[in-house]
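# Descriptive analysis of the structure
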Amino acid sequence: VQLQASGGGLVQAGGSLRLSCAASGAILSFFNMAWYRQAPGKQRELVAGLTTRGSPKYQDSVEGRFTISRNNAKNTVYLQMSSLKPEDTAVYYCNTDPPESCGSDWCYWGQGTLVTVSS
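Below you will find a few notes about this structure. Keep in mind the model is a prediction, meaning the values are calculated, not measured.

Once that is clear, we can look at the state of the cysteines. Applying the stated criterion to the full structure yields 2 disulfides. Across the disulfide, C21 is cross-linked to C94 (sulfur-sulfur distance 1.9 Å). Note on the C21 and C94 pair: the S-S dihedral is about 70°, so by sign convention the disulfide is right-handed. With C21 in strand β3 (residues 17-22) and C94 in strand β9 (residues 90-96), this pair connects stretches of sequence that are 73 residues apart. A single burial state applies to C21 and to C94, both of which are buried. For C102, the disulfide goes to C107, at an S-S distance of 2.1 Å. Handedness here is read from the sign of the S-S torsion; for C102 and C107, about -90°, the answer is left-handed. Each bonded cysteine of the protein is numbered by sequence order, and under that numbering the disulfide pairs are 1-2, 3-4.

Below, the structure is given as structure tokens:
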């Protein structure tokens, strides 16, 4: 059991993508969840978070462009990304918030999904 992020790809600036995060065998609705990203040569950073009660938070650079949500019936967390910019290029990961705070190995960092935004 591990977090699986998917939905990345190559998109032109101004385009949109939707990332998905699933973990079979773990109930994501029990946890505050978040999306993180790591660009080449940079530290991993939190992009958006969502509490168990549905309260979102966003990094300033993505506020108004990205939307985090969850579908508890599908046990999935999403990140809708719009108006993408080249500086959004990174590997995107989902994890608990704080990261790896689920008390089990299912929330160890997964491989992430690569988002590349061309100018």
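On to empty space enclosed by the protein. Under the definition given, this model contains 1 cavity of 30 Å³ or more. Taken together, L3, A5, Y93, C94, W109, G110 and G112 make up the lining of the largest cavity. Grouping the constituent residues of the lining of the largest cavity by class yields 5 nonpolar, 2 polar and no charged.

This paragraph deals with the side chain of D97. By the secondary structure assignment, D97 is in the loop between β9 and β10 (113-118). At a separation of 2.9 Å, a polar atom in the side chain of D97 contacts the side chain of K57. Here D97 is in contact with N32, M33, A34, Y36, L46 and K57, once residues within four sequence places are set aside.

The rules behind each value
- Residues numbered from 1 in each chain as written.
- Predicted model: local features only at pLDDT ≥ 70, side-chain atom pairs only at ≥ 80, totals over all residues.
- Heavy atoms only, no water.
- Disulfide = S-S within 2.5 Å.
- Helix = DSSP H or I, 4+ residues; strand = E, 2+ residues; numbered from the N terminus.
- Buried < 20%, exposed > 50% of the residue type's maximum accessible area, 1.4 Å probe, protein only.
- 1 Å grid on protein atoms, 1.4 Å probe; cavity = no way out; pocket = protein on both sides within 12 Å on 5 of 7 lines; lining within 4 Å.
- Points joined across faces, edges and corners; volume = space filled by probe spheres on them.
- Nonpolar A, V, L, I, M, F, W, Y, C, P; charged D, E, K, R; others polar.
- Polar contact = N/O pair within 3.5 Å; in protein donor to acceptor, adjacent residues only side chain to side chain.
- Contact = heavy atoms within 4.5 Å.

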